[in-house]
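Residues per chain are reported as follows:
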Amino acid sequence: MKSTVETLSPTRVRLAIEVPFAELEPSLKKAYREIAAQVNIPGFRKGKIPAQVIDQRVGRGAVLQEAIEEAIPQQIFAAVREHEVKLLGRPAVDNLEFEDGKPLKFTADVDVRPEITLPELSAIKVEVDPLAISDTEIDEQVDGLRQRFATLKTVERAAATGDYVQLDLVATVDGVEVEGGTANNISHEVGSGQLLKGLDEAVVGLAAGEEATFTSQLVGGEFAGRDAEVKVTVRTVKEKELPELDDEFAGLASEFDTLEELRGDLKERITRVKKVEQLYAARDKALAELVKQANVPAPEGVVADEVEQRKAAMVEQLDRMGASLEEYLAAEEKTDEQITAELADAAAEGVKIQLVLDTIAEAEDVQVTDDEYGHEIVHRAQRAGVAPQVYYDRLVQNGAAAAVYGDVRRGKALALVMERVVMTDTDGEVLTLDSLREGNGHEGHDHGDHEGHDH
């Protein structure tokens, strides 16, 4: 095999490859074996069909095609090794020339890791906003607890927004009752918009025993997309009663004796969360500045693949929510081209950050221990809801085990960045990973299972 390499850009090269026909012999033999195992020819057992019979019955061209489909990737990677090309993404094969008995010739354009000159990390300085905790934020947390400990009391008046009502619903289309369109004695918070569109407006002003009708478009079933007439009957109206905001409430909602102690603990919790957010903001600014100073180019092919993956993930997520990409675009008032451009910008930035972190990892000889790698596998397996060994076996099967190693290595390189870059708030307060660890080490008290405090 002969090959040359031509630089097309800082992130892309073209490999020109020529393979003598004799070197394709192993791929040809394998192609004959595989075709012999797949076809049925009377008078011959599967896998025992002579090559000349395959040429006659299947065609020599089919054999040659299968052979070069196997040979091309092998030859590309041989050329990559020969020229020490730092390959990224998938090769794009072009200019294919091949005839029976003659050399195989083709080119492969591949994305490569660019040469990156790193700035001195300690010379990079970033600023973020200082921590600010307002009484309003603490009030919101306290209110969340009060909502959790609220009680419902039946009232003899018309329903208003924020009340809870027991309802009966009957939906009809052209006078015919919709299958599955009847519901009895269901609970609903007025104004929540949780059930049918138009329901909240119809219920406001109705007292127990009163009814109303409204029109709502059906989203599923036989009449999906059609307008239905819905009759709603209110059975009961209940209003939410919040507990008094005093020391007794603090004892009920937490293990603190006074409201002042409860508010103090909530402030500490909010502070810890905001410290994390502040550090994330500093991290993002540090990485953006690092990419800018290093003048990192983005490999087009890798970015294009990433955009494709992100778009597919977006469509899948929308599908799980019962929506389509077209509906999402309409709601956001954006075109497909605009969304693709946004994804491309985000993907390019993400790829640049990966490249600069990989360069730092190499420069600093960052290593990943078996324990660190195993911990990441266990963590990801837990999120996926499978056993660690099953998760790891799937990674190996899909050829993705090395990608996880790369992620862990980049994570360690990122920690180096955050240790060396000078991060401060605008008041001059220095931010460090150690202060975050100290903050997270503080054991807060648990106020039940209220979502507002699940940090």
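Residues numbered from 1 in each chain as written. Predicted model: local features only at pLDDT ≥ 70, side-chain atom pairs only at ≥ 80, totals over all residues. Heavy atoms only, no water.

## Details of the overall build of the protein chain
Here is step 1: The number of helices and strands found in the protein chain is 13 helices and eleven strands.
Here is step 2: On C-alpha atoms alone, the protein chain measures out to a radius of gyration of 32 Å, which is more than a quarter above the 23 Å that the 2.2 N^0.38 rule sets for 455 residues.
Here is step 3: When its C-alpha atoms are laid out on the principal axes, the protein chain stretches across 95 × 70 × 40 Å.
Here is step 4: Split into buried and exposed, the 455 residues of the protein chain put 35% on the buried side.
Here is step 5: Nonlocal contacts in the protein chain, meaning residues at least 24 apart in sequence, comprise 68% of its contacts between residues at least 6 apart.
Here is step 6: Total accessible area on the protein chain is roughly 26900 Å²; 47% of this is exposed by carbon and sulfur atoms.
Here is step 7: Computed over 50 positive and 91 negative side-chain charges, the inter-centroid distance for the protein chain is 8 Å. (Helix = DSSP H or I, 4+ residues; strand = E, 2+ residues; numbered from the N terminus. Rg over C-alpha atoms; globule rule 2.2 N^0.38 Å. Buried < 20%, exposed > 50% of the residue type's maximum accessible area, 1.4 Å probe, protein only. Contact = heavy atoms within 4.5 Å. Areas by Shrake-Rupley, 256 points an atom, 1.4 Å probe, with all protein chains shown as cover. Lys, Arg positive; Asp, Glu negative; His and termini not counted. Charge placed at Lys NZ, Arg CZ, Asp CG, Glu CD.)

## Looking at the nonpolar core
Here is step 1: Counting 42 residues, the largest nonpolar core has Leu357 and Met423 as the members making the most contacts within it.
Here is step 2: Those elements that provide at least two residues to this core are β5 (125–128), α6 (259–294), α7 (300–320), α8 (325–332), α9 (336–363) and α12 (401–420).
Here is step 3: The biggest single contributor to this core is α9, with eleven residues.
Here is step 4: With sequence-adjacent residues up to four places away left out, Met423 is seen in contact with Val126, Leu279, Ala282, Arg283, Met418, Glu429, Val430 and Leu431. (Core = buried A, V, L, I, M, F, W, Y, C linked by side-chain atoms within 4.5 Å.)

## Some thoughts on the sheet that holds strand β1 (residues 2–9)
Here is step 1: Spatially, the four strands line up as an open sheet ordered β1-β2-β4-β3, and their pairing is antiparallel. Looking at strand neighbours, the two that pair on one side only are β1 and β3 (87–97), the edges of this open sheet. Sheet twist, expressed as the mean angle between neighbouring strand axes with direction ignored, is 20 degrees.
Here is step 2: Summarising the sheet, strand β2 (residues 12–19) and strand β4 (residues 104–112) pair through eight bridges and their orientation is antiparallel. (Pairing = 2+ DSSP bridges. Axes fitted to C-alpha atoms, helices over the stretch in contact; angles between N-to-C directions.)

## Side note on the environment of Val404
Here is step 1: Within the element layout of this structure, Val404 appears in helix α12.
Here is step 2: In this structure, the C-alpha to C-alpha distance between Val404 and Glu376, residues 28 residues apart in sequence, is 7.9 Å.

## Section: helix α2 (residues 51–82)
Here is step 1: An ideal rise of 1.5 Å per residue puts 46 Å on 32 residues; α2 reaches only 34 Å between its terminal C-alpha atoms.
Here is step 2: Most pronounced at Val58, the bend in α2 amounts to some 105 degrees.
Here is step 3: Trailing α2 by a residue or two, Glu84 shows a phi angle of about 55 degrees, which is positive. (Expected span 1.5 Å × (residues − 1). Bend = angle between axes of the 7 residues up to and from the residue.)

## Concerning the layout of surface pockets
Here is step 1: Estimates place the volume of the largest pocket at around 540 Å³.
Here is step 2: What lines the largest pocket is a set of 16 residues, and nearest its centre among them are Gly89, Val302, Glu306, Val351 and Gln354.
Here is step 3: If you list the elements that add at least two residues to the lining of the largest pocket, you get β3, α7, α9 and α12.
Here is step 4: At six residues, α9 tops the list of elements feeding residues into the lining of the largest pocket.
Here is step 5: For the lining of the largest pocket, the residue count by class is six nonpolar, four polar and six charged.
Here is step 6: Here the second largest pocket is characterised by a volume of approximately 430 Å³. (1 Å grid on protein atoms, 1.4 Å probe; cavity = no way out; pocket = protein on both sides within 12 Å on 5 of 7 lines; lining within 4 Å. Points joined across faces, edges and corners; volume = space filled by probe spheres on them. Nonpolar A, V, L, I, M, F, W, Y, C, P; charged D, E, K, R; others polar.)

## Examining the pattern of salt bridges
Here is step 1: Taken as a whole and assessed by the stated rule, the structure comprises 26 salt bridges.
Here is step 2: One salt bridge in this structure joins Lys311 and Asp336, with 2.8 Å as the shortest N-O distance. One end of the pair, Lys311, is in helix α7; the other, Asp336, is in helix α9, with 25 residues separating them in the sequence.
Here is step 3: In this structure, a network of salt bridges that share partners links the residues Asp358, Glu376, Arg380, Asp407 and Arg410. (Salt bridge = Lys/Arg side-chain N within 4 Å of Asp/Glu carboxyl O.)

## As for the packing of aromatic side chains
Here is step 1: Considering all chains together, one arrives at four aromatic pairs under this definition.
Here is step 2: Measuring from ring centre to ring centre gives 6.2 Å for Phe21 and Phe98, while their planes differ by 15 degrees; the resulting arrangement is stacked. Of this pair, Phe21 sits in the loop between β2 and α1 (25–38) while Phe98 sits in the loop between β3 and β4, placing them 77 residues apart in sequence.
Here is step 3: Residue Phe21 is classed as buried on the basis of its relative accessible area, which comes to 17%.
Here is step 4: An aromatic cluster of three or more residues is present, and its members are Tyr373, Tyr392 and Tyr405. (Phe/Tyr/Trp six-rings, centres within 6.5 Å; stacked < 30°, edge-to-face > 60°.)

## A look at unusual backbone geometry
Here is step 1: Even without being a glycine, Glu84 presents a positive backbone phi close to 55 degrees.
Here is step 2: Looking at the secondary structure, you find Glu84 in the loop between α2 and β3.
Here is step 3: On the basis of relative accessibility, which here comes to 69%, the residue Glu84 falls in the exposed class.

## Description of the packing of helix α10 (residues 370–384) against helix α11 (residues 388–397)
Here is step 1: Contact pair α10 / α11: the axes reach a minimum separation of 8 Å and the direction vectors enclose 100 degrees. Of the possible angle classes, the one that applies to α10 and α11 is roughly perpendicular. Where α10 abuts α11, its residues Tyr373, Ile377, Val378, Arg380, Ala381 and Ala384 lie against Pro388, Tyr391, Tyr392 and Leu395.
Here is step 2: Class assignment for the residues of the contact of α10 with α11 results in nine nonpolar, no polar and one charged. (Parallel < 35°, antiparallel > 145°, perpendicular 65-115°, else oblique.)

## Points about the pairing of strand β8 (residues 176–189)
Here is step 1: Sheet analysis places strand β7 (residues 164–173) next to β8, joined by eight bridges and oriented antiparallel. Within β8, the position partnered with Tyr164 by the bridge is Glu189.
Here is step 2: Counted between consecutive antiparallel strands, the loop separating β7 from β8 contains two residues, among which Asp174 sits at a positive phi close to 55 degrees.

## Brief notes about the UniProt feature "domain: PPIase FKBP-type" (unreviewed entry) in the protein chain
Here is step 1: With numbering matched to this structure, UniProt assigns "domain: PPIase FKBP-type" (unreviewed entry) to residues 162–215.
Here is step 2: In residues 162–215, helix accounts for 9% and strand for 54%; the two terminal C-alpha atoms are 22 Å from one another. (UniProt positions renumbered as here; feature names shortened; annotations may be inferred.)

## Comments concerning a negative patch on the surface
Here is step 1: On the surface, Asp247, Asp257, Glu260 and Glu261 cluster together to form a negatively charged patch.
Here is step 2: Assignment of secondary structure puts Asp247 in helix α5 (residues 247–253). (Patch = residues over 30% accessible without salt bridge, like charges linked within 9 Å, V, L, I, M, F, W, Y side chains within 5 Å.)

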